[in-house]
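Each chain is listed here by its residues.
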Amino acid sequence: MTLETVSTTKAFGGVQGVYRHQSRETKTPMTFSVFLPPQPGPRPVVWYLSGLTCTHANVTEKGHFQRLCAELGLIFVAPDTSPRGEGVPDDTEGAYDFGLGAGFYVDATEAPWAANYRMESYVVSELPGVIAANFPADMARQGLTGHSMGGHGALTLALKNPGRWKSVSAFAPIASPMRCPWGEKALGGYLGPDRAAWRRHDATALIEDGARLPELLVDQGEADNFLQNQLKPELLEAACRDAGIPLTLRRQPGYDHSYYFIASFMDDHLRWHAERL
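The present account deals with the structure reproduced in this document. Predicted model, so just to flag it, every value in this text is computed and none were measured. (Residues numbered from 1 in each chain as written. Predicted model: local features only at pLDDT ≥ 70, side-chain atom pairs only at ≥ 80, totals over all residues. Heavy atoms only, no water.)

Looking at where T60 falls in the secondary structure, it is placed in helix α1 (residues 56-62). On the basis of relative accessible area, T60 is assigned to the buried category, the value being 12%. Reaching out from T60, the side chain makes a polar contact with the backbone oxygen of H56 at a distance of 2.6 Å. Setting aside its immediate chain neighbours within four residues, T60 contacts Q16, S33, F65, Q66 and A78. (Helix = DSSP H or I, 4+ residues; strand = E, 2+ residues; numbered from the N terminus. Buried < 20%, exposed > 50% of the residue type's maximum accessible area, 1.4 Å probe, protein only. Polar contact = N/O pair within 3.5 Å; in protein donor to acceptor, adjacent residues only side chain to side chain. Contact = heavy atoms within 4.5 Å.)

What follows is about the nonpolar core. F76 and Y190 are the most contacted members of the largest nonpolar core, which totals 85 residues. In contact with F76, other than residues within four places in its own chain, are S33, V34, F35, V46, Y48, V59, F65, C69, M266 and L270. (Core = buried A, V, L, I, M, F, W, Y, C linked by side-chain atoms within 4.5 Å.)

For the rest of this paragraph, the subject is the environment of E208. Relative to the assigned elements, E208 resides in helix α6 (residues 203-208). Placed 21 residues apart in sequence, E208 and N229 show a C-alpha to C-alpha distance of 21 Å. Beyond its immediate chain neighbours, meaning those up to four positions away, E208 contacts R179 and R199.

Okay, the layout of surface pockets next. Here the largest pocket defines a volume of roughly 170 Å³. Every residue along the wall of the largest pocket is listed here: G51, L52, T53, C54, Y96, H147, S148, W182, F226, H257, S258 and Y259. Split by residue class, the lining of the largest pocket holds 6 nonpolar, 6 polar and no charged. (1 Å grid on protein atoms, 1.4 Å probe; cavity = no way out; pocket = protein on both sides within 12 Å on 5 of 7 lines; lining within 4 Å. Points joined across faces, edges and corners; volume = space filled by probe spheres on them. Nonpolar A, V, L, I, M, F, W, Y, C, P; charged D, E, K, R; others polar.)

The next point concerns the pairing of strand β1 (residues 4-11). Side chains on a regular strand alternate between the two faces of the sheet. In terms of strand pairing, β1 meets strand β2 (residues 14-22) through 7 bridges, oriented antiparallel. Within β2, the residue paired with A11 across the bridge is G14. Between β1 and β2, which follow one another and run antiparallel, lie 2 residues, and F12 among them has a positive phi close to 55 degrees. (Pairing = 2+ DSSP bridges.)

What the rule picks out here adds up to 1 cavity of 30 Å³ or more. Considered as a void within the structure, the largest cavity measures approximately 30 Å³ in volume. Lining the largest cavity we find W165, K166, S167, V168, P214, E215, W272 and R276. Of all the elements in the fold, those that place two or more residues in the lining of the largest cavity are β7 (167-171) and α9 (259-276). Taken together, the residues of the lining of the largest cavity sort by class into 4 nonpolar, 1 polar and 3 charged.

Once that is clear, we can look at the packing of aromatic side chains. Inspection of every chain in the model, using the stated rule, returns 15 aromatic pairs. Seen from their ring centres, Y48 and F76 are 6.0 Å apart, and the 25 degrees between their planes marks the pair as stacked. Here Y48 is found in strand β4 (residues 43-49), whereas its partner F76 is found in strand β5 (residues 75-78), with 28 residues between them in sequence. Here Y48 falls in the buried class, since its relative accessible area comes to 0%. For F76, a relative accessible area of 1% translates into the label buried. Between the aromatic rings of W113 and Y190, the centroid separation amounts to 5.9 Å while the plane-to-plane angle is 85 degrees, which identifies the pairing as edge-to-face. Here W113, found in the loop between β5 and α3 (119-134), pairs with Y190, found in helix α5 (residues 181-191); they are 77 residues apart in sequence, far enough to count as distant. According to the relative accessible area criterion, Y190 is buried, its value standing at 0%. We note R164 situated over the ring of W165; from NZ or CZ to the ring centre the distance is 4.9 Å. Across from the ring centre of W272, 3.5 Å away, lies the NZ or CZ of R276, which sits over that ring. (Phe/Tyr/Trp six-rings, centres within 6.5 Å; stacked < 30°, edge-to-face > 60°. Lys NZ or Arg CZ within 6 Å of the ring centre and 35° of its normal.)

This is how it looks when you write it as structure tokens:
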């Protein structure tokens, strides 16, 4: 596997890099970013999964994580949200919530998506192998977080892989894709109409079916335009309460769904992960 360095920039004594490789899962080139703190490795790793329409660049440029990652000695990895490139299928109407930029961190089973849209296997298996082979990462100490669609990904992947990530958090996650328009469109398109197959990609359903996390931190802006129809944190809150999962759900007055919200609470999440890693 050849890893191409797209760019490197010194920041807070560490290095912010962008890299590209040919993915066996998506059958496309995939671009991701890695921040390396100044401390010598091996260092713990925090993974960040981005939301709809985003790439690695959104959090890399707007997430304001580099200073504290440098202080705490955390490697920060930001994958893309979907396969990209010529020949990769996209929504025929160019909708933002399906197709390119909207992989939902699932392995698609329906044509034409199944050939390339394998973001679950990419994030869980392939990219960690790339990170372990090329960076001074302590793969026994990994944390996982994400925003919106990426918050959904962080929750579901952690629930399905107990012990893999030692710490889990989310910013405004899609709590129950089975019960919101974004999720119904994505899961129906990628996985087909059988709603029983959707349950392993829905955090609340996974918890109802017995999956567990040791603890969870979630921040949610109360001025978020998507709060009521798409995100529904109350469903996650109820599922965690019934399952006995310690959930710290912080409802933040006045904050919306933007990267201003994420940047405002990024330090809290990084410290949460550092304490557990």
